[in-house]
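Listed below are the residues making up each chain.
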Amino acid sequence: FMAERPVKLGTLFHSAMAHGWTRPSQDYSHLFPPIDATPDDILMDLRPRPPQLDIDLLPPVLARRAREVSLMRGCDPTVPAWAALSAACACIDSRSRLALIGDDFKVAPILWMMVIGPPGDKKSPGSDLMFNILETLELEDRPHHAIKLLEYEGKEAAWSASHKAYLDYCGSPEALFNGADSPTVLPEPVKPATLILKVNDITSQKLVRIAVDRPRGVACILDEM
């Protein structure tokens, strides 16, 4: 019906009830635990449910290893799966970029992962096995680093000799009166840093220092947050 003035909500309800409409009763029982519920049941309803991870979304080799570690350690497969993704990112040079949407949207291979659970959930045992490969790669790189270090020492000795020759020339009479060409100073070499893919329980200051010398990046693994 049309009214000369706006109809308010109270008038609308009154008119509806006058024509036989009744307000339906509301059932709020789902908001309260059953009478036989235990305290654990009530607490479980208050806690957020853990994510249901589809392991098959991971690369097959990581998914298979995550299931193996889950069975060996008796932990949720999410724990080794998260550790596997973190270890993979530690091996990828952080200066590379991943093209997610065509060539317009690119990101660095950097992940922030956290596993939350009560004590005894086998979080650390379920993760450690996935990080062992990082220590193996660090050990295998030591002979290569020794070669790079020897090359650096040779270049550093050549730079030091050229630097000394230049200083000696600058203080000689030839430089003051004859204007002869000065000796060439070789570029100062940069000392190679040892390969570090994983650090544990480290201070933020030390982490920054390690990251500055290693632009490829490292994995920072903290047992307690």
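Q: Explain unusual backbone geometry to me, and be specific about the residues and the numbers.
A: Where the residue is not glycine, phi is negative for most of them; where a peptide bond is considered, it is trans in most cases. You will see that lysine 122, though not glycine, has its phi angle at about 60°, which is positive. Positionally, lysine 122 belongs in the loop between strand 2 (105-107) and helix 5 (123-140). Exposure remark for lysine 122: the relative accessible area of 37% places this residue in the partly exposed category. The residue aspartate 201 is not glycine, and still its phi comes out positive at about 45°. Examined against the element boundaries, aspartate 201 turns out to sit in the loop between strand 3 (198-200) and helix 8 (204-213).

Q: Tell me what's going on with the pairing of strand 1 (residues 98-101), and back it up with residues and numbers.
A: Inspection of the sheet shows strand 1 paired to strand 2 by three bridges, in the antiparallel sense. When the bridges of strand 2 are listed, alanine 99 appears paired with lysine 106. Hairpin geometry of strand 1 and strand 2 is characterised by an intervening segment of three residues between the two adjacent antiparallel strands and by a positive phi of about 60° at glycine 102.

Q: Quick one: what's the story with the environment of valine 115, residue by residue and with numbers?
A: Examined against the element boundaries, valine 115 turns out to sit in the loop between strand 2 and helix 5. Note: C-alpha distance between valine 115 and proline 80 (35 residues apart in sequence) is 9.9 Å. Discounting residues that sit within four places of it in the chain, valine 115 has contacts with Val79, Trp82 and Lys123.

Q: Would you mind going over helix 3 (residues 60-73) in detail, with residue names and values included?
A: Its 14 residues place the ends of helix 3 20 Å apart at the C-alpha level, agreeing with the 20 Å of an ideal helix rising 1.5 Å per residue. Of the residues making up helix 3, those classed as buried are Leu62, Ala63, Ala66, Val69 and Ser70. The arc that holds the buried residues of helix 3, viewed along the axis, is 130°, so those residues lie on one side. Away from its buried face, by an angle of more than 90 degrees, helix 3 presents the exposed residues Pro60, Val61, Leu71 and Met72. Buried residues in helix 3 make contact with helix 4 (78-91) and helix 5. In the segment just after helix 3, glycine 74 is the residue with positive phi, at about 70°.

Q: Lay out the nonpolar core in plain terms, naming residues and giving numbers.
A: A general trend in soluble globular proteins is that nonpolar side chains are found buried together. Counting residues in hydrophobic clusters, the biggest one holds 17 residues, and the most contacted among them are Leu58, Ala81, Met130, Phe131 and Leu134. Elements supplying a minimum of two residues to this core: helix 3, helix 4, helix 5 and strand 4 (219-221). No other element matches helix 4, which puts five residues into this core. Beyond its immediate sequence surroundings of up to four residues, alanine 81 is in contact with Leu53, Ile55, Leu58 and Ala66.

Parameters and conventions
Residues numbered from 1 in each chain as written. Predicted model: local features only at pLDDT ≥ 70, side-chain atom pairs only at ≥ 80, totals over all residues. Heavy atoms only, no water. Helix = DSSP H or I, 4+ residues; strand = E, 2+ residues; numbered from the N terminus. Buried < 20%, exposed > 50% of the residue type's maximum accessible area, 1.4 Å probe, protein only. Pairing = 2+ DSSP bridges. Contact = heavy atoms within 4.5 Å. Expected span 1.5 Å × (residues − 1). Arc of directions from axis to C-beta. Core = buried A, V, L, I, M, F, W, Y, C linked by side-chain atoms within 4.5 Å.

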